[in-house]
Amino acid sequence: MTNQDDFSNVISFVNGALDVPSSPIIPYIEGDGIGIDITNYVKEIVDKAVYISYSGDRTILWKEVLAGEKAYNKVGQWLPNETMDAFRKYLVGIKGPLTTPIGEGIRSLNVALRQELDLYVCLRPVRWFEGVATPLLHPEKVHVTIFRENTEDIYAGIEWAAGTPELKKVLNFLQNEMGVAKIRFPESSSIGVKPVSVEGTERLVRAAIEYAIENKLPSVTLVHKGNIMKFTEGGFKKWGYGLAEREFSDTTFTENTFNKIKVEKGLESAVSAYNTAMTEGKVFIKDVIADAFLQNTLLKPEEYSVIATLNLNGDYISDQMAAMVGGIGIAPGANINYKTGHAIFEATHGTAPDIAGQNIANPCSMLLSAVMMLDYIGWSEAGSKITKSLEMMFKKGHATNDLARFMHDGTSLSTSDFANELINLL
Ligand code: NAI
């Protein structure tokens, strides 16, 4: 085996693109709770898919790094520096779910990883697998990829608790210097700040548009609450359109432009410009207010393809849309910085302490995240083999108990039986 520290095994980022050697070192965090039950199977399935896809010419050199309870028990730290260094150096990694430490000074290990590497996109693809039970009549119409901004918004963690001296200072500033008279119950209010910037918006929307162009997808929808929060969420919409019109005028057509043509030359001209743009294969950039969007996802999900949205909206949207396809337990995710290449792929569920150690956990969320990782490093052949095998398993009702119990004629398999059947199918 190749020396794990060999420079030739390190993925690098050259001229805006990943340079992936045939045997890249990929750091992984096993995860706590059910992380221990699923991570090894995920690695085994990925190894087999890679082996058969490239006749043994490519292989992943897995490098375990510590985080969470395992790290705390072994080295007395929840997130050791070596782990951060590994993700920094090797660029692409994957992680199982981690216990959120209580009262240890780190709010969440996931948030710490995202902030440290400035992973500004939270990428969540949502699709339905035939056979999986869902509350929708036509789940096959749901096929979206959500780009959730990961570093700003009310999630930036800038808030002050009611009754503290810090809060008093903030109140004093707002009321006496800024003339704010709208705080309904100032004495008992906590206050949070919501930063949304041009840079933060543009890098997120740019990533979403580039993804749509690369994957020949029809539209990017900016989801926001700009009708109420005019400068933050409204800014997101304005700057998003501005970016599309400035940087992607050859490859996109915006609803903004449509409306301008409509006002200046009438509806017919606007429709004609839209039709021409669509026949030229341009991506339609549109926007919708978040509450209307959530309603529309249920009524006409086929109208949406790529979604670009702020942090809090993205949190709600990701879980709602995953639940619409019955897949909250199998929804994959990734946190990515497209400017540096850094990316961490992850199971989106938690450590499920209620079922940990019982060999019944569903490995699919982490497995589909691994498929996203294979796509990201350009090894899509291996990823699509895993997806096809999963499609076959779900179609015949073979799944772990969390899904099988709701399937028509479902067969409940243990984690190990599910993984082994999948490996044989590959
Ligand atoms: P959870 O996602 O661990 O569990 C919620 C429910 O879903 C439980 O009934 C569980 O049995 C079930 N479930 C989750 N994943 C499953 C799987 N793969 N297969 C079958 N059933 C599954 O959420 P909970 O209980 O709120 O959190 C437990 C711990 O996980 C906490 O410490 C929390 O902070 C942490 N957490 C970590 C996350 C991460 O590392 N990305 C995300 C969410 C929670």
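About the thresholds
Residues numbered from 1 in each chain as written. Predicted model: local features only at pLDDT ≥ 70, side-chain atom pairs only at ≥ 80, totals over all residues. Heavy atoms only, no water. Helix = DSSP H or I, 4+ residues; strand = E, 2+ residues; numbered from the N terminus. Rg over C-alpha atoms; globule rule 2.2 N^0.38 Å. Contact = heavy atoms within 4.5 Å. Areas by Shrake-Rupley, 256 points an atom, 1.4 Å probe, with all protein chains shown as cover. Buried < 20%, exposed > 50% of the residue type's maximum accessible area, 1.4 Å probe, protein only. Polar contact = N/O pair within 3.5 Å; in protein donor to acceptor, adjacent residues only side chain to side chain. Near = heavy atom within 4 Å. Nonpolar A, V, L, I, M, F, W, Y, C, P; charged D, E, K, R; others polar. Pairing = 2+ DSSP bridges. Axes fitted to C-alpha atoms, helices over the stretch in contact; angles between N-to-C directions. Salt bridge = Lys/Arg side-chain N within 4 Å of Asp/Glu carboxyl O. Expected span 1.5 Å × (residues − 1).

1. A look at the overall build of the protein
Argument step 1. In terms of helices and strands, the protein carries 15 helices and 17 strands.
Argument step 2. The C-alpha atoms of the protein give 23 Å as radius of gyration, which agrees with the globular expectation for 426 residues (22 Å, within 12%).
Argument step 3. Put simply, of all contacts in the protein between residues at least 6 apart along the chain, 72% involve residues at least 24 apart.
Argument step 4. Summing over all exposed atoms, the protein offers an accessible surface of approximately 20000 Å²; the carbon and sulfur share of this is 52%.

2. A look at unusual backbone geometry
Argument step 1. One non-glycine residue with positive phi stands out, namely Asn 15, at about 50°.
Argument step 2. Here Asn 15 is to be found in the loop between strand E1 (12-14) and strand E2 (17-19).
Argument step 3. Phi at Lys 216 takes a positive value of approximately 50°, unusual for a residue other than glycine.
Argument step 4. Mapped onto the secondary structure, Lys 216 falls in the loop between helix H6 (198-214) and strand E10 (219-224).

3. A look at the side chain of Asn 335
Argument step 1. For Asn 335, the location among the structural elements is in strand E14 (residues 332-336).
Argument step 2. Given the relative accessible area of 2%, Asn 335 is considered buried.
Argument step 3. Polar contacts involving the side chain of Asn 335 include one to the side chain of Arg 114, which spans 3.4 Å.
Argument step 4. Leaving out residues up to four positions away in the same chain, Asn 335 has contacts with Arg 114, Leu 119, Val 121, Cys 122, Asn 150, His 342, Ala 343, Ile 344 and Glu 346.

4. Some points on the site of the ligand
Argument step 1. Among the 19 residues in the neighbourhood of the ligand, the closest are listed as Leu 98, Thr 100, Gly 350, Ala 352 and Asp 354.
Argument step 2. One nitrogen or oxygen atom from the main chain of Gly 350 is found 2.7 Å from an oxygen atom belonging to the ligand.
Argument step 3. Partitioned by chemical class, the residues of the shell around the ligand number eight nonpolar, eight polar and three charged.

5. Overview of the sheet that holds E10
Argument step 1. Pairing is mixed across the open sheet formed by 11 strands, whose spatial order is E4-E3-E5-E15-E14-E6-E7-E13-E10-E12-E11. Because the sheet does not close on itself, it has two edges, and the strands there are strand E4 (61-64) and strand E11 (252-254). Strand-to-strand, the axes of this sheet are offset by a mean angle of 25°, without reference to chain direction.
Argument step 2. As defined by bridge partners, strand E5 (residues 92-95) adjoins strand E15 (residues 343-347) across four bridges and the pair is classed as parallel. Note that in E15 the partner of Gly 93 across the bridge is Ile 344.

6. Brief notes about the pairing of strand E6 (residues 121-127)
Argument step 1. Most of E6 sits out of view: five of its seven residues are buried.
Argument step 2. In terms of strand pairing, E6 meets strand E7 (residues 143-149) through seven bridges, oriented antiparallel. Note that in E7 the partner of Val 126 across the bridge is Val 144.
Argument step 3. The pairing of E6 with E14 spans three bridges and is antiparallel. Bridge pairing in E14 links Leu 123 to Ala 334.

7. Regarding the environment of Glu 187
Argument step 1. Relative to the assigned elements, Glu 187 resides in the loop between helix H5 (165-177) and strand E9 (191-192).
Argument step 2. Linking Glu 187 and Pro 165, residues 22 residues apart in sequence, is a C-alpha distance of 12 Å.

8. Looking at the pattern of salt bridges
Argument step 1. Overall, the coordinates contain 20 salt bridges when judged by the stated rule.
Argument step 2. Notably, a salt bridge pairs Lys 194 with Asp 153, separated by 2.5 Å at the nearest N-O pair. Taken together, the positions of Lys 194 in the loop between E9 and H6 and Asp 153 in the loop between E7 and strand E8 (159-160) put the pair 41 residues apart, joining distant regions of the chain. Of the two residues, Lys 194 and Asp 153, both sit in the buried class.

9. Here's the deal with H6
Argument step 1. When the terminal C-alpha atoms of H6 are compared, their 24 Å separation across 17 residues agrees well with the 24 Å that a helix rising 1.5 Å per residue should span.
Argument step 2. Listing the buried residues of H6 in full gives Gly 200, Thr 201, Glu 202, Arg 203, Leu 204, Val 205, Arg 206, Ala 207, Ala 208, Ile 209 and Ala 212.
Argument step 3. By the N-cap criterion, in which a side-chain oxygen at the helix start approaches the backbone nitrogen of a residue two or three places on, H6 is capped by Ser 197, the distance to Gly 200 being 2.8 Å.
Argument step 4. After H6 finishes, the residue Lys 216 shows a positive phi value of roughly 50°.

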